[in-house]
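A look at the structure
Spelled out from the first residue to the last, the chains are:
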Amino acid sequence: MNHDATTLSAAGPSPMKPSLWRRCRRWLLPLLGLAVLGLLLSHAHKVDWAGAWHALQRYPAMLLLGVLGIATASHALYGCFDLIGRRHTRHRVPRWRTWAIAVTSYAFNLNLGSLVGGIALRARLYARAGVDETTVAQIVGISLATNWLGYGLLAGGLFAAGAITPPRQANIGTDALRVLGVVMILLAAAYVVACAFSRGRQWQVRGRRLKLPSAQLALVQLTLSTANWALMGCAMYLLLGRQVPYATTLSVLLAASIVGVITPIPAGLGVLEAVYLALLSGTVRQGALMGAVLAYRALYYLLPLAGGVVLYLLLERYAASHPQDAGSETPWRAQTR
C-alpha cells in the first residue's frame with residue numbers, strides 16, 4: 001500500500017473551508033458593537049434632557065413610580081415576543097438569555113431605530129449565542145409580526161369605533177378611518193387563519209425555508225402584543241392626569257407610533273409631540289400636554305435605555321466567558337438543510 005495514501009487515510013478528509021459569513025463575522029460583529037455604541041453616544045446629544053427633567057419634576061413621585069412600573073412591565077412583556085420565536089424555531093438559547101436579548105433590542109430600537117435595535121443588535125447578540133442567520137431571520141420576523149398584529153387589532157378596533165377624529169391636515173376623513181380600522185382587524189384575523197391552515201407548510205425565500213407558526217402561537221402573539229400596547233396607553237393616560245378618555249389616549253398613541261415608524265428619525269424625536277399637539281391641543285393645555293409627552297419619553301424611552309445598556313454589556317460579557325455556547329447548532333437549522 002502506498003505510504004502517502006495510508007497517511008491521508010489516517011488523517012481523515014481535509015477540513016472544509018469556513019463559509020464567507022463565518023470568516024467575516026469575526027470582524028463584523030465587533031464593528032457592529034462599536035457602531036451601536038457610537039450611535040448611542042451621538043443620540044445622547046439630541047435628547048432634551050433638561051425638558052424631560054423639568055417635566056418629571058411636575059409630577060408626584062408615586063405617580064412617576066406607577067408609570068415607571070407600567071413601562072417596565074411593558075418592556076418585560078415585549079421580551080416574551082422572542083420567547084414565541086424560540087418556541088417556533090426551537091433554538092437552544094436559554095429562555096433567560098432569549099428574553100434579555102429581546103428586552104435589550106427593544107430599548108435600543110425605541111431610541112436608535114428599528115434597523116439598529118430591532119435587527120442589527122439582535123442579530124449580533126444571537127450570533128454571539130450561536131444562532132445561525134436563518135433562525136435569527138425567523139425570530140425577527142416573529143417579533144415584528146407579534147408587535148404589529150396587536151397594533152392592528154387594537155388600532156383597528158379603536159379606529160372603527162370612531163375613538164379618534166383625524167385633524168384636517170391628515171387628509172383622511174372619519175369614514176375612511178373607520179374603513180381602515182375594519183381592514184386592520186381583518187388582516188389580524190387573516191393571519192391567525194393562515195397559521196391555522198398552513199400548518200407544516202414551508203416557503204422558499206432567497207434560499208431560506210420559512211414557515212408560519214401554529215394557530216395557537218398566533219393567538220399568543222395577538223394576546224401579548226395587545227396587552228403591551230394597552231400598557232403603553234395606560235402610562236400615557238396617567239401622565240395626562242386622566243383628562244382624556246383612555247380610548248382616545250390610546251388611539252393618539254397608536255397614531256403617533258405609526259407616524260414615528262414611517263418618519264426616519266431616531267426615537268421619533270419631535271414626532272410624538274407633533275401628533276399629540278395636533279390631536280389633543282383642544283382638550284389639554286399645551287404646557288401640560290408637552291410635559292406629559294416629555295415625561296413619557298423619559299420613563300418609557302430613556303430610563304429603559306439605561307437598563308438596556310446594562311443588559312447589553314452583561315450579555316456581551318456572558319458571551320465572551322461562554323464561547324462554547326456559540327458552537328451549538330439549532331434544531332431549526334438542521335431541519336432546513
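Located above this text is the structure these notes cover.
Read on for a plain summary of the structure. (Residues numbered from 1 in each chain as written. Predicted model: local features only at pLDDT ≥ 70, side-chain atom pairs only at ≥ 80, totals over all residues. Heavy atoms only, no water.)

1. Here we look at the packing of helix α4 (residues 61-89) against helix α5 (residues 95-112)
Helix packing geometry: the angle between the two helix axes and the distance between the axes. Our working rule: In this analysis an axis means a line fitted to C-alpha atoms, helices contributing only their contacting stretch, and an angle means the value between N-to-C directions, from 0 to 180 degrees. The helix count covers DSSP runs of H or I at least four residues long, the strand count covers runs of E at least two residues long, and both are numbered beginning at the N terminus. Here the word oblique covers every angle except those under 35 degrees (roughly parallel), over 145 (roughly antiparallel) and from 65 to 115 (roughly perpendicular). Each crossing gets its hand from how the near helix is turned against the far one by less than a right angle, where anticlockwise is left-handed and clockwise is right-handed. Residues are treated as being in contact if the distance between any of their heavy atoms lies within 4.5 Å. Residue polarity is assigned by list, with Asp, Glu, Lys and Arg as charged and Ala, Val, Leu, Ile, Met, Phe, Trp, Tyr, Cys and Pro as nonpolar; anything else, Gly included, falls into the polar class.
Running from amino to carboxyl end, α4 crosses α5 at an angle of 125 degrees, the nearest separation of the two axes being 8 Å. It follows that α4 is oblique to α5 by the angle criterion. In this structure, α4 crosses over α5, and the sense of that crossing is right-handed. Within the contact between the two elements, α4 uses His75, Ala76, Tyr78, Gly79, Cys80, Asp82, Leu83 and Arg86 and α5 uses Arg95, Thr98, Trp99, Ala102, Val103, Tyr106, Ala107 and Leu110. Residues of the contact of α4 with α5, tallied by class, amount to ten nonpolar, three polar and three charged.

2. Considerations on a nonpolar patch on the surface
Definition in use: Note on patches: the residues involved have over 30% relative accessible area and no salt bridge, like charges join within 9 Å, and the nonpolar side chains Val, Leu, Ile, Met, Phe, Trp and Tyr join within 5 Å. Only the protein chains shown count as cover for residues, and the accessible areas themselves come from Shrake-Rupley with a 1.4 Å probe. The rule for a salt bridge is simple: a side-chain nitrogen of Lys or Arg has to be within 4 Å of a carboxyl oxygen of Asp or Glu.
A cluster of nonpolar side chains, contributed by Val179, Val183 and Leu187, occupies part of the molecular surface with about 270 Å² of accessible area. Mapped onto the elements, Leu187 comes out in helix α8 (residues 174-197).

3. Things to note about the packing of aromatic side chains
Rules: When the centres of two rings from Phe, Tyr and Trp lie within 6.5 Å, Trp using its six-membered ring, the rings pair. Their planes under 30 degrees apart give stacked, over 60 give edge-to-face, and anything left gives tilted. Partly exposed residues are those whose accessible area sits between 20% and 50% of the maximum for their type, while under 20% is buried and over 50% is exposed, using a 1.4 Å probe and protein chains only. Only lysine NZ and arginine CZ atoms are considered, and such an atom sits over a ring when it is within 6 Å of the ring centre and within 35 degrees of the ring normal.
Here the structure, examined in full by the defined rule, presents twelve aromatic pairs. Ring centres 5.0 Å apart and planes at 70 degrees place the aromatic pair Trp148 and Tyr151 in the edge-to-face group. One end of the pair, Trp148, and the other, Tyr151, are both in helix α7 (residues 133-160), three residues apart, so they sit about a helical turn from each other. A relative accessible area of 30% places Trp148 in the partly exposed class. Linked through ring pairs, Tyr78, Phe81, Tyr106, Tyr296, Tyr300 and Tyr301 together constitute an aromatic cluster. The ring centre of Tyr301 lies 5.3 Å from the NZ or CZ of Arg297, which sits over that ring.

4. Examining the pattern of salt bridges
Tallying each qualifying case throughout the model produces three salt bridges. Salt-bridge contacts for Arg122 lead to Asp82; the nearest nitrogen and oxygen are separated by 3.1 Å. Taken together, the residues span a long stretch of sequence, with Arg122 in helix α6 (residues 114-128) and Asp82 in helix α4 at a distance of 40 residues. Residue class for Arg122 comes out buried when judged on its relative accessible area of 2%. As a salt-bridge pair, Arg128 and Glu316 come within 3.1 Å of each other at their nearest N and O atoms.

5. Notes on the environment of Ala73
Relative to the helices and strands, Ala73 is located in helix α4. Put simply, Ala73 and Met232 are 159 residues apart on the chain and 9.5 Å apart in space, counted from C-alpha to C-alpha.

6. A look at the nonpolar core
Where we set the bar: What is meant by a nonpolar core is a set of buried Ala, Val, Leu, Ile, Met, Phe, Trp, Tyr and Cys residues, joined one to another through side-chain atoms within 4.5 Å.
Counting residues in each nonpolar core, the largest one holds 53 residues, and the members touching the most others are Leu239, Leu240, Leu254, Tyr276, Tyr296 and Tyr300. When residues of this core are traced back to their parent elements, those giving at least two are α4, α5, α7, α8, α9 (215-239), α10 (246-262), α11 (271-280) and α12 (286-321). With eleven residues, α12 is the single largest residue contributor to this core. When neighbours within four sequence positions are excluded, Tyr300 is seen to be in contact with Ala71, Ser74, His75, Tyr106, Leu110, Asn228 and Met232. Ranked by size, the runner-up nonpolar core spans 17 residues in total, among them Phe108, Val116, Tyr126 and Ala129.

7. Regarding the side chain of Thr104
One can find Thr104 in helix α5. The buried category is assigned to Thr104, whose relative accessible area is 0%.

8. Topic: the environment of Val67
Inspection of the secondary structure assignment puts Val67 in helix α4. Overall, the relative accessible area of 1% leaves Val67 in the buried class. Distance from Val67 to Ala295, taken between C-alpha atoms, is 9.6 Å for residues 228 residues apart in sequence. Those residues in contact with Val67 that sit more than four places away from it in its chain are Ala235, Leu238, Leu239 and Leu299.

9. Structural notes on the environment of Tyr126
Mapped onto the fold, Tyr126 is located in helix α6. Residue Tyr126 is classed as buried on the basis of its relative accessible area, which comes to 0%. Considering only alpha carbons, one finds Tyr126 and Thr98, 28 residues apart in sequence, at a separation of 8.2 Å.

10. A short note on α6
Our working rule: What a helix is expected to span follows from its residue count: subtract one and scale by 1.5 Å. The quantity called bend is, for any residue, the angle between two axes fitted respectively to the seven residues ending at it and the seven beginning at it.
Helix length check: α6 (15 residues) gives 20 Å between terminal C-alpha atoms against 21 Å at 1.5 Å per residue, within 8%. Bending of α6 peaks at approximately 30 degrees at the position of Ala120. Those residues of α6 that fall on the buried side of the exposure criterion are Val116, Gly117, Gly118, Ala120, Leu121, Arg122, Arg124, Leu125, Tyr126 and Ala127. In the segment just after α6, Gly130 is the residue with positive phi, at about 90 degrees.

Any link to function would need more than the numbers given here.
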